[in-house]
Amino acid sequence: MTAEEFNFFSSGLDDDWLYHQAKAAGNISRREFFSRVDGFRRQLTRLADFKFAIVLCQCPVNALTAFTAVAANGAAVLLPASSKPEQIKLLEEKYPEIILIHDGDIKFNSKLPVIELNSKLKSHTQAEVIIPTIPAGQLVAILFTSGSTGEPKENRKYWGDMVSVSRLLQARLELGQQDCLLVTVPPQHAYGFETIILMPCLGGVSLYIDKLFYPADIQAAIGEIAATGLSVNLVTTPVHLRALLDSGLKLAGLRQIISSSAPLSKQLARQVEKQFLAPLMEVFGSTEMTSIATRRTAHESEWQLYPGVELKADESGWLAVAAHLPQLPRLDDRIELNADNKRYFSFLGRNSDLIKVAGKRTSLQYLNECLLEIPGVIDGVFLVIDDRQDSRLQALAVAPTLSKAEILAALNRVIEPAFIPRPLHLVSGLPRNGAGKLPGAAIVELLKGQQ
Amino acid sequence: MSIENEVAEMIIEVLNLEDIKADEIGVDEPLFGEGLGLDSIDALELSLAIGQRYGLQIMANDADNQQIFATLRSLSEYIDTNRSPA
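Residues numbered from 1 in each chain as written. Chains lettered and ligands numbered in written order. Predicted model: local features only at pLDDT ≥ 70, side-chain atom pairs only at ≥ 80, totals over all residues.

**Focus: the overall build of chain A**
For chain A, the helix and strand inventory stands at 11 helices and 25 strands. With 451 residues in all, chain A has 45% of them scored as buried. Across chain A, contacts joining residues at least 24 apart in sequence account for 60% of those joining residues at least 6 apart. (Helix = DSSP H or I, 4+ residues; strand = E, 2+ residues; numbered from the N terminus. Buried ≥ 20, exposed ≤ 12 C-beta atoms within 10 Å, placed from the backbone. Contact = placed C-beta atoms within 7 Å.)

Below you can see the structure in the form of structure tokens.
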């Protein structure tokens, strides 16, 4: 395996590779990118000796530049989900010889060596392009679980393994040099890391430089990239897909939409495909495993594993087994392998979702799916409010066009009476965080307002 | 109703901030982080509401997006200056 090499095609060195919006400074070729990386790498070397670099950059191209420069120095990036001072302090205490790279709008009161990476970074004019080589065994990144299930836990990523996972993702999504990724996900997330950093580094795909967030940004960027002749792939989350639908904006010229980070309902997937005229692929993964499977949610219920990845059960649950997953990551999920073809599986819910009411068992995941499948329900979640196993469930639903009675009647048709929420609260929105997840504390706050 | 008051009402309604009233949002208090404590998903929801009510599409790439969402005053001024005629 040629894990040491970045997969940059020397023939395309001077072609545009990283795309700015039209009114900005212009696009960046691979040659210019490597020149910037080399310049930034020198700045880092002058700043301090370091083994780890916290990267808080929000702009995709800055995250990519920071990663490449840090990796070229033989060090690893730390990608914390939160940039809150307490979080940074924890990292500072835990990791020796550490620096911090950001791209603005963040205030620090820290003794760490801090460097701002500006997207207007000057490139050196040099005859020779220096393409870094990274040993397969090098620790290149540490990702952290979001903390919705407890303290953030580190996950170490080694270059050779990341080369493997990126090849699998690339092959499954059929991404290549003709493709450009437009990303609404932060780089400090396994899904963001795979798409913003690994795909351009190793898959040869182009990347839209700026952070995309508002529906109008996404619409404009799609138009600009489509006009270049590249295939446009939107990398996003269910929260953003819902916002895009609600905005009423037309998105024309998408080759593919990719969603991950939170469960996507079949209903939303169908609406998205119908409205934006592009296939929507959902990616299954976790911080521990990175991605392992995909499905086309509008048409498929089962997930298809990547070639070479297997799921195996032991006495305490499921493990992901693959050459690039030597640590045998455990799934915190209940799944069911297809009896005829073990390349396919159904996701039944999180382990922590299992509930028992009046002697009957089900999972919150299943109940949430039932709720979200009701036409008119935009978002919703079932909740177990206290620790008593036999307490009534509650549910929150966002459904401006429906009454409580209509939602309860629809639920009654599909779920056992024991699981009908009591009460059901109609709310105008759920407190989802930046990654589309629902922090428990925010739900508790929201419920307080309902009582 | 002043534009600030109108925008404050919209923020409370859209984000379901039930425990505060429109006149409790200081015009120069930060909306995000330290002040009112809004986050990025709130910004996304507000952008949709602003699009629906004022025919105005917020973009992150607008020169001063951070400035627009900085305070109630800056957001109100932006909406008032740029909105489509009713």
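**Some thoughts on the interface of chain A and chain B**
On the side of chain B, 18 residues touch chain A, which itself brings 19 residues to the contact. Going through the elements one at a time, α6 (215-228) and α7 (238-247) of chain A are the ones with two or more residues in the side of chain A that touches chain B. The element best represented in the side of chain A that touches chain B is α7 of chain A, accounting for four residues. Along the lines of polarity and charge, the residues of the side of chain A that touches chain B split into six nonpolar, seven polar and six charged. (Nonpolar A, V, L, I, M, F, W, Y, C, P; charged D, E, K, R; others polar.)

**Here's the deal with unusual backbone geometry**
Residues and elements named next belong to chain A. In this model, Ser261 sits at a positive phi of 90°, which is unusual for a non-glycine residue. Positionally, Ser261 belongs in the loop between β12 (254-259) and α8 (266-276). With 23 C-beta atoms packed within 10 Å, Ser261 lands in the buried category. Phi angles above zero are rare outside glycine, and Leu328 is one such case at about 45°.

**Quick look at the sheet that holds strand β18 (residues 330-331) of chain A**
Residue and element names in this part refer to chain A. Across the sheet, which stays open at both edges, the three strands sit in the order β16-β17-β18 with antiparallel pairing between neighbours. In the strand order of this sheet, the two ends are held by β16 (310-314) and β18, each with one partner. Direction of pairing for strand β17 (residues 317-321) relative to β18: antiparallel, over a ladder of two bridges. In the sheet register, Leu319 faces β18, and the bridge partner there is Arg330. (Pairing = 2+ DSSP bridges.)

**Notes on the environment of Met289 of chain A**
All names here are of chain A. Here Met289 shows up in the loop between β13 (280-286) and β14 (290-295). In this structure, the C-alpha to C-alpha distance between Met289 and Pro186, residues 103 residues apart in sequence, is 18 Å. Apart from the residues lying within four places of it in its own chain, the contact partners of Met289 are Ala320, Leu325 and Pro329.

**Observations regarding helix α4 (residues 72-82) of chain B**
Among all positions in α4 of chain B, only Leu72, Leu75 and Tyr78 of chain B are buried. The arc enclosing the buried residues of α4 of chain B, seen along the axis, measures out at 135°, which places them on a common side. (Arc of directions from axis to C-beta.)

**Comments concerning the pairing of strand β9 (residues 179-183) of chain A**
Residue and element names in this part refer to chain A. Across the five residues that make up β9, a large majority, five, are buried. Neither face of β9 is left uncovered, since the one carrying Asp179, Leu181 and Val183 and the one carrying Cys180 and Leu182 both have all their residues buried. As judged from the five bridges shared by β9 and strand β11 (residues 231-236), these two strands associate in the parallel manner. Looking at β11, one finds that Asp179 is bridged to Ser231. Alignment of β9 against strand β10 (residues 206-208), held across two bridges, turns out to be parallel. Within the sheet, the bridge partner assigned to Cys180 lies in β10 and is Ser206. In this fold, β9 hands off to helix α5 (residues 190-203), which returns the chain to β10; that crossover is right-handed. (Right-handed = clockwise from strand over helix to strand, strands pointing away.)

**Structural notes on the sheet that holds strand β25 (residues 424-426) of chain A**
Within a sheet, neighbouring strands are paired by backbone hydrogen bonds and run either parallel or antiparallel to one another. All names here are of chain A. Spatially, β23-β24-β25 is the arrangement adopted by the three strands of the open sheet, whose pairing is mixed. One side of each edge strand has no neighbouring strand; the edge strands of this open sheet are β23 (379-383) and β25. Neighbour to neighbour, the strand axes of the sheet diverge by 15° on average, direction disregarded. Examined bridge by bridge, β23 and strand β24 (residues 394-398) share five bridges and lie antiparallel to one another. Each residue of the ladder has a partner; that of Val381, found in β24, is Leu396. (Axes fitted to C-alpha atoms, helices over the stretch in contact; angles between N-to-C directions.)

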